[in-house]
Amino acid sequence: MTYYLEETPVGRLRSRSVNLASEALVSAYMSSNRIFPGLACFAALLVAACSSTTPGNTGVPAGPFANNPCAPDGTINLDVAHGVLLDCSNGGSTVSLAGNGASYVVVAQFATNLVANQDIPYTLETGTLATASLSAQRVAARRSADASAVLQHGTLPPRRPMANQDAFERAVITHAASANYPRLSSHPTAHEITPPTLGSTRTFRVLSNFDANTFSTATAQLAYIGSNIYLYIDVNAPANGFTPAQLSAFGQLFDQTLYDIDVNAFGQPSDVDANGHIIMLMSPLVNADTPASTCATEGFVAGFFDSEDFDGPGDPNSNQGEVFYSVVPDPNSTFSCAHTVSDVGSTLPATFLHELQHLINYSQHVVVNNQAPLSSWLDEGMSIAAEELGSLYYEQKCPPPACRTDPTQIFPDSSQGFIQGFFYDSYFYALLPDSVSLTLHNDSENGFSWRGGDWALVRYLVDRFGTPVYRSLETGPSDGLAAIAAATGQGFRQSFGDFGMALYTDSFPGLPRTTAPPADRFVTRNLRQLWARLFATAGPSTSFPSVMPLALFAIHADTTTFVMEPGAMSFWRVDTSPSDTTVAIRFAGPGGNPLSSALAPQLSIFRLPPGQ
């Protein structure tokens, strides 16, 4: 398996960044004072029952609390497999649910991006009307047993290390934020320049190391002319690279397949150089951006988009056009890591889709519409969705069991280079949903979990509202929350609440997938199936502790204080006794005080089918 990293932009470059110390990080979170101490038990005892002590159960009785209802008011009576979203930003903190043996999933959320990204203390408790009867022990035992039903086939390649990509990303974004050059304007689609000829050369300015202030000049020859792509190869590229036939096939893949995948979904990029093409520059300067000594453990920079190329003539490092930069084949490690032609062919397609989405997004918001860039967290989720589109293209060409080394594989062999971002990262997000803000991160930050969560959010929105969501997000408001509201025609809080619930209620074990209403399920992906397959092939381990990483924890009659980040959510369950008419829940700050309205506190509640 070839490890690689890819760059991307928020004002400059962007990338899928992943913390290499994933097991240590997950382990640290699982032993923290959030709601997840029980996960440490999952890692060690996946089949045996955990301790009967459940998270948050300190034995401190809450006693009755005053009725201070979230909106809407009154006792909530839900049909089985139906849900409701309750707004607790009105100063309210309590909810009354119908009892009579009903069981509920309760998802607590801070649906905002308007506050600092820091831990917010809160309490979630039942009153004395009823207490939870489902313990973390039962949850752990059931989920571990589910693993036996998962097919143990289709092993997955390891998650790519991303540390070098992250370091490069942070340096470039920092440099871009300090730049102050006038931007080029978008040209009309009519081509105004003489097209270059095959074999002609031109010079480019290319970032040459991890110091984003350092550029070098590359002289490159035009090696392929397509309908959408000009492919240039640096004249200093090492020998033993592409054969003419390989280069032709490589150029055609990017020009006739990958380009169309992104443009059909997200719309056209700008054309500031009026050449009607994206320039793809393959240069050993990109190879040299990665120290060879760190390739095996920290990955390498495979490619990037640099928004400085939209700067006008006053910027000496701007190439004044739409450019995607990538590594070249270097089988003898002349410049850094060894990269065969095959390695480059398996690495770059997903990188290109990822970066081209960023380029389209940036050019539409900044160059065409003269806005600020789209919120970086949403732009990154869109780029991971762009990679997934590459997988979907090959999945549709090769329905199972075709094109698979093992006929039981979920994905065809041709999808393998596209799936790892959303496949792995969404699992890591589901382990830590209260610790991971989906609305307050940007591409300059490390982290795999928030990227997986933001991919899942984009995937949900497109499944729920259709593929026009992609283009709407590319051209809509720059603020991510406003962009989602405009794309879906409903408030962000409703979309966020439905998405959070769908993470759990889609595809109940043993029930038809349509058991949950459309707002509470995905369409394109069955996340339970994906996560279960990942556990079956890579777990049990500290990183993959459970067949279902999204854990429910019981709401108790105590006043334990938990913490959650803005833009995050936590997952709970309450079971009522057949003798209880109602059950009261309070979602509040420490001491029972109402949570700040700036946090956009809300509860998404769903009545579970019997046996779930």
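Here's what I pulled together on the structure shown here. (Residues numbered from 1 in each chain as written. Predicted model: local features only at pLDDT ≥ 70, side-chain atom pairs only at ≥ 80, totals over all residues. Heavy atoms only, no water.)

## Comments concerning the packing of helix H9 (residues 376-397) against helix H10 (residues 416-431)
Packed helices, taken two at a time, are described by the angle between their axes plus the distance between the axes.
Part 1 of the reasoning: Interhelical geometry of H9 versus H10 gives an angle of 135° and a closest axis separation of 8 Å. With respect to H10, the axis of H9 lies oblique. Read as a crossing pair, H9 and H10 show a hand that is left-handed. On the side of H9, the interface is formed by Ile384, Glu387, Glu388, Gly390, Ser391 and Tyr394, while H10 contributes Phe418, Ile419, Gly421 and Phe422. (Axes fitted to C-alpha atoms, helices over the stretch in contact; angles between N-to-C directions. Helix = DSSP H or I, 4+ residues; strand = E, 2+ residues; numbered from the N terminus. Parallel < 35°, antiparallel > 145°, perpendicular 65-115°, else oblique. Left-handed = near helix turned anticlockwise from the far one by under 90°. Contact = heavy atoms within 4.5 Å.)

## What about the sheet that holds strand E2 (residues 83-87)?
Part 1 of the reasoning: A sheet is described by the order of its strands in space; here five strands give the open sequence E2-E16-E4-E14-E12, paired in mixed fashion. If you trace the sheet from one side to the other, it starts and ends with E2 and strand E12 (553-554), each paired once.
Part 2 of the reasoning: Relative to strand E14 (residues 569-575), strand E4 (residues 103-110) runs antiparallel, the two sharing seven bridges. Note on E14: the bridge partner recorded for Val105 is Arg573. (Pairing = 2+ DSSP bridges.)

## Let's talk about the nonpolar core
Part 1 of the reasoning: Counting residues in each nonpolar core, the largest one holds 128 residues, and the members touching the most others are Met282, Phe499 and Leu503.
Part 2 of the reasoning: With twelve residues, the single largest contributor to this core is helix H8 (residues 341-368).
Part 3 of the reasoning: Residues contacting Leu503, with those up to four places away along its chain left out, are Tyr429, Ala456, Phe522, Leu527, Trp531, Met548, Leu550, Met569 and Phe571.
Part 4 of the reasoning: Membership of the second largest hydrophobic core comes to 31 residues, among which are Val95, Ile120, Phe562 and Phe587. (Core = buried A, V, L, I, M, F, W, Y, C linked by side-chain atoms within 4.5 Å. Buried < 20%, exposed > 50% of the residue type's maximum accessible area, 1.4 Å probe, protein only.)

## Structural notes on the pairing of strand E7 (residues 215-225)
Part 1 of the reasoning: As paired strands, strand E6 (residues 201-207) and E7 are joined by seven bridges and run antiparallel to one another. Bridge pairing in E7 places Leu207 opposite Phe215.
Part 2 of the reasoning: Of the pairings in the sheet, the one linking E7 to strand E8 (residues 229-234) comprises five bridges and is antiparallel in character. Along E8, the bridge assignment pairs Ile225 with Tyr230.
Part 3 of the reasoning: A loop of three residues connects E7 with E8, the two strands running antiparallel in sequence.

## Considering the sheet that holds strand E10 (residues 303-305)
Part 1 of the reasoning: One open sheet accounts for six strands, arranged E6-E7-E8-E9-E11-E10; its pairing is mixed. If you trace the sheet from one side to the other, it starts and ends with E6 and E10, each paired once. Each strand of the sheet is rotated relative to its neighbour by a mean of 30°, with strand direction disregarded.
Part 2 of the reasoning: The pairing of E10 with strand E11 (residues 323-326) spans three bridges and is antiparallel. Bridging from a neighbouring strand, Phe304 pairs with Tyr325 of E11.
Part 3 of the reasoning: Together, E7, E8 and strand E9 (278-282) form the strand contacts of helix H5 (residues 244-266), whose direction differs from that of E8 by roughly 140°.

## What to know about the pairing of strand E3 (residues 94-98)
Part 1 of the reasoning: Most of E3 is tucked away, with four of its five residues classed as buried.
Part 2 of the reasoning: Two strands pair when backbone bridges link them, and strand E1 (residues 75-76) and E3 are joined in this way by two bridges, in the parallel orientation. Bridge pairing links Thr75 to Ser96 in E3.
Part 3 of the reasoning: Relative to strand E15 (residues 582-588), E3 runs antiparallel, the two being bridged by five bridges. Within E15, the residue paired with Leu97 across the bridge is Val583.

Any functional reading would require information that these geometric values do not contain.
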